[in-house]
Amino acid sequence: MGAIEIALLVIAIGVGLIVLVTLVRSVRVVPQQTMEIVERLGKYNRTLDPGLNLHVPFVDTIRAKVDMREQVVTFPPQPVITSDNLNVLIDTVLYYRVVDPVRATYEIANFLYAVEQLVGTTLRNVIGNFDLERALTSRDEINHHLSGVLDETTGRWGIKVTRVEIKAIEPPPSIRDSMEKQMRAERDRRAAILTAEGVKQSQILTAEGDKQSAVLRADGDRQARILTAEGQAKAIRTEFNAIHEANPSQKVLAYQYLQALPQIANGSANKVWIVPTELTRALEGMGGALGGLANMVGDLPTAAVDTGAVEREAAEAAEAAAREAAAVNAQVRAAEAQVSGDPAQRGLPAPQAVPPSAALGGADYNGVGEPERA
């Protein structure tokens, strides 16, 4: 082959390569959630959608690739001064997405830097009206205010700010120490209050338990005393009925009373003796018995028995018994007068004084205390 043929072959190969490269570069594949801005000869031409696209090589150029997904940007801490003149550092997190890739490309040179500066200035304006305590407790209010300002400003840039969050608010170290001390004191106060409330409730419950225990104990004592009193009353009633059903004689009763007197007088605490009226009647019976004995003695021969001496001894014994009974009755009346003033108020029979001569059973008295008139 000649030189001309070789040159033509080389030219053909070069033209083929150029055509092949042109065809390859005229096909453009755009990924999902990505938009590409195409300029033709330095001027905006069109926006390539995701998928397969054709464009003129060496004439159309790709100006920018715009990601349409929501983006998260963390800004460095912004120094902000509060209304009480405290310098705090605030970290913010921005969530945004591009809604118009053409405006995001041509309306502003660097929208991320613009958003960062806008967040810093807005934070200074908002936090400048709050004190530190309110700034620490009003994050939702600050986030809402930042979202409204950024959404209004970035709307003309083709950007939609979906959310702004304050990640941290760091006060100065001295303020942090003071806040920690305050929180510690507040927690100690709450712990002391809770302890006092627990002690109070414990004392209340203990007092309620003591009260219920005392009430139950008193009720038990009352029931025990009632049952004891009922038992004693039943025993006395049974004994009383048995005595009256047996119908004992006055001599037996007098003998029983005389046997019971030493037991009544036993003990240093006994101040009052209760002597029923049946004792005086029994003494009268004894006096009558002694009188009959004197009459029997009178029937004996004078040489065997000195009737005068027997009568004198019987009379003296009867008078001594009557005097003793009268003294006991006087003591009973005095004790009853001191206790209630009226023996009838105590439910006791009024004691009856027996004259000494009446106990003899003689004919000079009629049993009432007055001598019989001839």
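These lines cover the structure that appears in this document, whether it is placed above or below.

Calculation notes
Here, residues in each chain are numbered from 1, in the same order as that chain's written sequence. Where totals are concerned, whole chains, interfaces and linings use all residues; where local detail is concerned, this predicted model gives features only for residues with pLDDT of at least 70, and gives and counts side-chain atom pairs only at 80 or more. Heavy atoms from the whole structure form the basis of all side-chain values; hydrogens and water molecules are not counted. Numbering of helices and strands starts at the N terminus; helices are DSSP runs of H or I of at least 4 residues and strands are runs of E of at least 2. Type-normalised accessible area, obtained with a 1.4 Å probe on protein chains alone, sets the label of each residue: buried when under 20%, exposed when over 50%, and partly exposed for intermediate values. Contact definition: two residues touch when any of their heavy atoms are within 4.5 Å. Computed with a 1.4 Å probe, the accessible areas rest on the Shrake-Rupley method; for each residue, only the protein chains presented here act as cover. Any carboxyl oxygen of Asp or Glu within 4 Å of a side-chain nitrogen of Lys or Arg constitutes a salt bridge here. The patch calculation keeps residues exceeding 30% relative accessible area without a salt bridge and links them within 9 Å when they carry like charges or within 5 Å when they are nonpolar (Val, Leu, Ile, Met, Phe, Trp, Tyr). Expected span of a helix, by definition, is 1.5 Å for each gap between consecutive residues, and there is one gap fewer than residues. In this context, the arc is that of the directions from the helix axis out to the C-beta atoms. Any two strands between which DSSP finds at least two bridges are classified as paired. The angle between two axes is taken between their N-to-C directions and runs from 0 to 180 degrees, where each axis is a line fitted to C-alpha atoms and a helix contributes only its stretch in contact.

**With respect to the overall build of the protein**
A tally of helices and strands in the protein yields nine helices and eight strands. Within the span of the protein, comprising 374 residues, buried residues form 23% of the whole. Within the protein, residue pairs in contact and separated by at least 24 positions form 62% of the contacts whose partners lie at least 6 positions apart. For the protein, the computed accessible surface area is about 25200 Å², with 57% contributed by carbon and sulfur atoms.

**A few points about the pattern of salt bridges**
Counted by the stated rule, this structure contains eleven salt bridges. Between R40 and D60 there is a salt bridge, and its shortest N-O distance comes to 2.5 Å. Remark: D60 occurs in strand β5 (residues 60–67) and R40 occurs in strand β2 (residues 34–40); sequence separation between them is 20 residues. Relative accessible area serves as the criterion here: at 33%, R40 is assigned to the partly exposed category. Overall, D60 belongs to the buried group, its relative accessible area being 4%. Its salt-bridge partner being R46, residue D60 comes within 3.6 Å of it at the nearest N-O pair. With D60 in strand β5 and R46 in strand β3 (residues 43–48), this residue pair connects regions lying 14 residues apart in the sequence. By sharing partners, the salt bridges in this structure join R40, R46 and D60 into a single network.

**Brief notes about a nonpolar patch on the surface**
A surface patch of nonpolar side chains, about 600 Å² in accessible area, is lined by I4, L8, I11, V15, V19 and L23. Within the secondary structure, L23 is located in helix α1 (residues 3–25).

**A few points about helix α5 (residues 139–154)**
Along its 16 residues, α5 runs 22 Å from first to last C-alpha, staying within 8% of the 22 Å computed at 1.5 Å per residue. When α5 is considered as a whole, its buried residues turn out to be I142, N143, L146, L150, T153 and T154. Seen along its axis, α5 keeps its buried residues to an arc of 105°; they face one direction. Opposite the packed face of α5, turned more than 90 degrees from it, sit the exposed residues D140, H144 and E152. Buried residues along α5 sit in contact with β7 (87–98), α3 (111–127), α4 (132–137) and β8 (159–170).

**Considerations on the sheet that holds β7**
Strands sit in the order β6-β7-β8 across an open sheet of three strands; the sheet is antiparallel. Pairing within the sheet leaves two strands with one partner each, and these edge strands are β6 (71–81) and β8. Ignoring strand direction, the axes of neighbouring strands in this sheet form an average angle of 25°. Both β7 and β8 contribute to a ladder of ten bridges, which runs antiparallel.

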